[in-house]
Amino acid sequence: MSAVRTVLGDLDPAGLGVCNAHDHLFFGSPQLPGQELRDVAAARAELFAFRAEGGGAVVQWTPYGLGRRAADLPPLSRDTGVAVVAATGLHQAVHYTESVLAEVRGARLAEVFVAELTDGIGTSGVRAGLIKVAGGFHALDAHARWTMAAAAEAHHATGAPIAVHLELGTGALDVLDLLCGELGVPPRRVILGHLNRSPDPVTQLQAAASGCYLAFDGPSRAHHATDWRMPDAVRALAEAGFGDRLLLGGDTTTAAARSVDGGPGMPYLLRRVRPRLAAAVGAEAAERMVTANPARAFAVEWR
């Protein structure tokens, strides 16, 4: 039986509801000093605000070493009634201190990922439901190749989906060549993030044709000037027959972006983005992007 692995346990995909397929309740990076997502009360309020718009689930892409606060996730999920999926994995090297990088480089990275997927994150007992890794700008450096190789090994051991941060939306085909070509990960187990940041229709169509999922996941990031092109990109992919491969997320990575702190945050995804996409592709197709598609993308026959 396939299931979505949430912080409260494995969930029937049909119970996921309306899903924000890429966001962050907690996140901290040396690249964003002073903007860390650490406040539990603010995270709770944001989930309640998302729930008030009809939201049912949030997939947190925060990986190892970036302030996941795994132990805080189950009570937040119980309190708000929103299912939460946690991540293992590793981001770009630039998001870590040298001491953290030295720690993980001395470990068997795939075993770390597998342990967090099957046993739990640290002593929290919370199991991750996906592996998050990252590419570079139009390229894959040694760190990206190392982390993706470990992610592929962990996928083969567990079945977990692999979610990929594409830097400014670039490098999708290189990622697929590595993960699916060299490392044997089935494309349907790969989720490419940030397609809205690089509005290249040819690359998007080629990536979708591989069978992977494409996440348009940045509407809360006001400094991304390409977001206004997202409805056209979604329409082109849907008209080409790839409407069942599209996901929608908010990717709130700073405190200022939260709705409870004056930003658009998670509610904006359902309050404004979903109706805008419905106008472009129809209400039924837009609804699939936040229900049926994520239910398939994150459901796993766990090993």
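Above this text sits the structure in question.
Conventions and cut-offs
Residues numbered from 1 in each chain as written. Predicted model: local features only at pLDDT ≥ 70, side-chain atom pairs only at ≥ 80, totals over all residues. Heavy atoms only, no water. Buried < 20%, exposed > 50% of the residue type's maximum accessible area, 1.4 Å probe, protein only. Helix = DSSP H or I, 4+ residues; strand = E, 2+ residues; numbered from the N terminus. Arc of directions from axis to C-beta. Contact = heavy atoms within 4.5 Å. Phe/Tyr/Trp six-rings, centres within 6.5 Å; stacked < 30°, edge-to-face > 60°. Lys NZ or Arg CZ within 6 Å of the ring centre and 35° of its normal. Core = buried A, V, L, I, M, F, W, Y, C linked by side-chain atoms within 4.5 Å. Axes fitted to C-alpha atoms, helices over the stretch in contact; angles between N-to-C directions. Parallel < 35°, antiparallel > 145°, perpendicular 65-115°, else oblique. Left-handed = near helix turned anticlockwise from the far one by under 90°. Nonpolar A, V, L, I, M, F, W, Y, C, P; charged D, E, K, R; others polar.

Visitor: Can you break down helix α10 (residues 283-290) residue by residue, with the values?
Guide: When we look at burial in α10, the residues that qualify are Ala285, Ala286, Met289 and Val290. For α10, the angular spread of buried residues about the axis comes to 140 degrees, placing them on one side. Of the exposed residues in α10, those oriented more than 90 degrees away from the buried face are Ala283 and Glu284. For α10, the secondary structure elements touched by its buried residues are β3 (19-23), α8 (230-242), β11 (246-248), α9 (265-281) and α11 (292-297).

Visitor: With reference to specific residues and values, describe the packing of aromatic side chains.
Guide: One pass over the structure, following the stated rule, counts zero aromatic pairs. The cationic tip of Arg5 hangs over the ring face of Trp302; the distance from NZ or CZ to the ring centre is 4.1 Å. Over the ring of Tyr213 we find Arg245; its NZ or CZ atom is 4.1 Å from the centre of that ring.

Visitor: Describe the nonpolar core, with residues and values.
Guide: Val164, Leu192 and Leu214 are the most contacted members of the largest nonpolar core, which totals 75 residues. In this view, Leu192 contacts Val164, Leu166, Ala172, Val175, Leu176, Ala207, Cys212, Tyr213, Leu214 and Ala215; residues no more than four positions away in its chain are not counted. Ranked by size, the runner-up nonpolar core spans 19 residues in total, among them Ala83, Val85, Ala87 and Leu247.

Visitor: I'd like a rundown of unusual backbone geometry, residues and numbers included.
Guide: For Arg69, which is not a glycine, the phi torsion comes out positive at approximately 50 degrees. Within the secondary structure layout, Arg69 lies in the loop between β4 (57-60) and α2 (73-80). For Arg69, a relative accessible area of 37% translates into the label partly exposed. Even without being glycine, His194 reaches a positive phi, approximately 75 degrees. By the element assignment, His194 lies in the loop between β9 (190-193) and α7 (201-209). Overall, His194 belongs to the buried group, its relative accessible area being 1%.

Visitor: How would you sum up the packing of α8 against α9? Please name residues and give values.
Guide: Interaxial distance between α8 and α9 falls to 9 Å at its minimum, and their mutual angle equals 45 degrees. Between α8 and α9, the interaxial angle falls into the category oblique. The chirality of how α8 crosses α9 is right-handed. In this structure, α8 contributes Met230, Pro231, Val234, Arg235 and Ala238 to the contact, and α9 contributes Val273, Arg276, Leu277, Ala280 and Val281. Tallied by class, residues from the contact of α8 with α9 come to eight nonpolar, no polar and two charged.

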